[in-house]
2 protein chains.
Amino acid sequence: MDTFSKRLTDTVKIKKTPVMVGLDPRFSAIPEVFRRGISPEDLPRIARAYHRFSFAILDIVAPLVACVKPQIAFFEELGPWGMVVLSDIIRYAHELGLIVILDGKRNDIGSTAAGYAAAYLGKGSAWEADSLTVSPYLGEDSLIPFINVAEKRGSGIFVLVKTSNPGGGMLQDMKEGEVSVYQKTADLVEQKSAEFALSRGEKYGAVGAVVGATYPQQLEELRQRMPHAWLLVPGFGAQGGTAKDISAAFDDDGLGAVINSSRAIIFAYDRKDYAGRFAADKWELAVETATREMIAQLQAETKAGRL
Amino acid sequence: MDTFSKRLTDTVKIKKTPVMVGLDPRFSAIPEVFRRGISPEDLPRIARAYHRFSFAILDIVAPLVACVKPQIAFFEELGPWGMVVLSDIIRYAHELGLIVILDGKRNDIGSTAAGYAAAYLGKGSAWEADSLTVSPYLGEDSLIPFINVAEKRGSGIFVLVKTSNPGGGMLQDMKEGEVSVYQKTADLVEQKSAEFALSRGEKYGAVGAVVGATYPQQLEELRQRMPHAWLLVPGFGAQGGTAKDISAAFDDDGLGAVINSSRAIIFAYDRKDYAGRFAADKWELAVETATREMIAQLQAETKAGRL
């Protein structure tokens, strides 16, 4: 069985882009054609709308990118109906050859962490995602169950290290002596990923790190600090991160990082910088255009051009 | 509309106990009668078994305790089938008059955090829990959306502050100058809960804290540091916390803390210290006995006796 890191590497190389599309459906933001006649309280019908919308997005982006990142929160928001739809979206993304990184930021300890890992990671799990985002507040023993399951099932995790939000530094930047909270987290990620990568003779391991595009200096520092970890970089586009900001995320082959964009792609019809460019019924063309533009931009302005 | 804190206070007073029962079903641990003939891969049938098992537990403990804490991980582990069952369990617990604190340790930022809050908190949400556990790694701006929704809907959150696991200290105990990560988190919890409590003329606010029973010294310190926050105390019993360890969690009226026990109650038939005491078909009597014993113990050995 191939490792998650090998599959991610292969797929990024085939698609020749590190662009990842975030599936963050929100009722108030999806194109009007999906909302028509549905009350904002009618969860089963909204779930059906998210289903149609997400499948349409997947059809558009699957030929262009390597991976998608469904945000579980927006499906949980619809109750069990949303979870049924999420399961079907993951399955369809796989049918289209996409790698699915679920954004759930799960964290717990012992058998409960093992429960989440069994739920989400890899073939044979209930949701069969390729990877899951995980939060490290509970420490090393909360991450080990995730890592064990991920390595065994050829899947991966991405640990929150330095997040893209303005308040992320409140705890993450706290420093004991010379080492900050995010650095200590990064060191654990690197240690675990290096062990696994070296044992397989691969460059990257199963434990990646989430590092926001909005902190370019830390992104460069963390690329150096975690040479064996794939980086998942959120915050590009809508949150303000630019191609220049994320250029340090890649290794010399243009690998080692996937760059996420959610709103700026899936709700591209509504982008201010696209004002007047796409009619309401051309929302699919807007999605395709935004995806192609981001791919081209990263190709031109970062080492992703070497892919 | 009553606040979450008032409802929790009232219910704890009526039941005269801070004991909270954790619903952590695991296939390998539920009584044999529920497992019979089911393959460990048959998720829909396991979900049905969890449904029957959890409803039976609720019937037993509802007359005795104020609140229950379903652990979402074990339901997510079963895919959409588990989530349907979880939804029904929450509804039934409410019919029995129980307060439902969902243990999901969710965390995210901005509209995504608002998505989780809208999903889980209060009447009108998809899951209609009374409260949800939340992880603080992403900082203050990740907690605000949860707090806003909780206060508006008469529900609450419990923020992870100092967790019960051995490795919890890796990040939580890191210290910048005089202040540790868990203390900084505690100060934010206290600030937010105090603001809300004072504006309502109540003693406790909507933002509580998770503080493990396994660190009695920090429990005492944190009770002082967060006078306006309800504490959710895990780690009693199976994880090693004793009545003496958690006695500092209560205020002088025996309020301000709920003490969770999961495995030692719901799988009491299998407890080593009960060996030979309950026949396999007497698992319900074991649950009732374990619950009554924990209630009696906290009544005798802590300020909960003043309830």
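Everything discussed here concerns the structure shown above.
Presented here is an overview of the structure given in this document. (Residues numbered from 1 in each chain as written. Chains lettered and ligands numbered in written order. Predicted model: local features only at pLDDT ≥ 70, side-chain atom pairs only at ≥ 80, totals over all residues. Heavy atoms only, no water.)

### Considerations on the side chain of A:T112
Counting through the fold element by element, A:T112 comes out in helix α6 (residues 110–120). Judged by relative accessible area, which is 7%, A:T112 ranks as buried. Residues in contact with A:T112, not counting those within four places in the same chain, are B:Q71, B:A73 and B:F74. (Helix = DSSP H or I, 4+ residues; strand = E, 2+ residues; numbered from the N terminus. Buried < 20%, exposed > 50% of the residue type's maximum accessible area, 1.4 Å probe, protein only. Contact = heavy atoms within 4.5 Å.)

### Considerations on the packing of aromatic side chains
Enumeration according to the criterion identifies 20 aromatic pairs over all chains in this entry. Between A:Y50 and A:F75, the ring centres sit 6.2 Å apart and the planes meet at 85 degrees, which makes this aromatic pair edge-to-face. Of this pair, A:Y50 sits in helix α3 (residues 43–61) while A:F75 is found in helix α4 (residues 72–76), placing the two residues 25 residues apart along the sequence. Aromatic side chains B:F53 and B:F267 sit 6.0 Å apart centroid to centroid with 10 degrees between the ring planes, which places their arrangement in the stacked category. One end of the pair, B:F53, is in helix α3 (residues 43–61); the other, B:F267, is in the loop between α12 (263–266) and α13 (283–301), with 214 residues separating them in the sequence. Residue B:F53 shares its accessibility class with B:F267, and that shared class is buried. Sitting above the plane of the B:Y215 ring, B:K162 keeps its charged end 4.1 Å from the centroid. (Phe/Tyr/Trp six-rings, centres within 6.5 Å; stacked < 30°, edge-to-face > 60°. Lys NZ or Arg CZ within 6 Å of the ring centre and 35° of its normal.)

### Considerations on the sheet that holds strand β1 (residues 19–23) of chain A
Residues and elements named next belong to chain A. With parallel pairing, the 8 strands of this closed barrel are ordered in space as β1-β2-β3-β4-β5-β8-β9-β10. With direction set aside, neighbouring strand axes in the sheet form an average angle of 30 degrees. As defined by bridge partners, strand β4 (residues 131–134) adjoins strand β5 (residues 156–162) across 4 bridges and the pair is classed as parallel. Directly across from S131, in β5, lies its bridge partner G156. (Pairing = 2+ DSSP bridges. Axes fitted to C-alpha atoms, helices over the stretch in contact; angles between N-to-C directions.)

### Let's talk about the side chain of B:D130
Residues and elements named next belong to chain B. Relative to the helices and strands, D130 resides in the loop between α6 (110–120) and β4 (131–134). At 2.7 Å, the side chain of D130 forms a polar contact with the side chain of H94. Leaving out residues up to four positions away in the same chain, D130 has contacts with F4, R7, H94, L98, I99, V100, S155 and G156. (Polar contact = N/O pair within 3.5 Å; in protein donor to acceptor, adjacent residues only side chain to side chain.)

### Structural notes on the sheet that holds strand β1 (residues 19–23) of chain B
A barrel is described by the order of its strands in space; here 8 strands give the closed sequence β1-β2-β3-β4-β5-β8-β9-β10 (chain B), paired in parallel fashion. Neighbour-to-neighbour, the strand axes of this sheet turn through a mean angle of 30 degrees, independent of strand direction.

### A few points about the pattern of salt bridges
According to the stated counting rule, one finds 34 salt bridges over all chains in the structure shown. Of the charged contacts in the structure, one is a salt bridge between A:K303 and A:D252, with a shortest N-O distance of 3.2 Å. Of the two residues, A:K303 is situated in the segment after α13 (283–301) and A:D252 in the loop between α11 (243–246) and β10 (257–261); the sequence distance between them amounts to 51 residues. With relative accessibility at 26%, the residue A:K303 sits in the partly exposed group. The network of salt bridges with common partners includes A:K69, A:D103, A:K105 and B:D108. (Salt bridge = Lys/Arg side-chain N within 4 Å of Asp/Glu carboxyl O.)

### Side note on unusual backbone geometry
All names here are of chain A. Phi at K105 is positive, roughly 45 degrees, even though this residue is not glycine. Look at K105 and you get buried, because its relative accessible area is 8%. Here E128, not a glycine, exhibits a phi torsion of approximately 55 degrees, which is positive. Secondary-structure assignment places E128 in the loop between α6 and β4.

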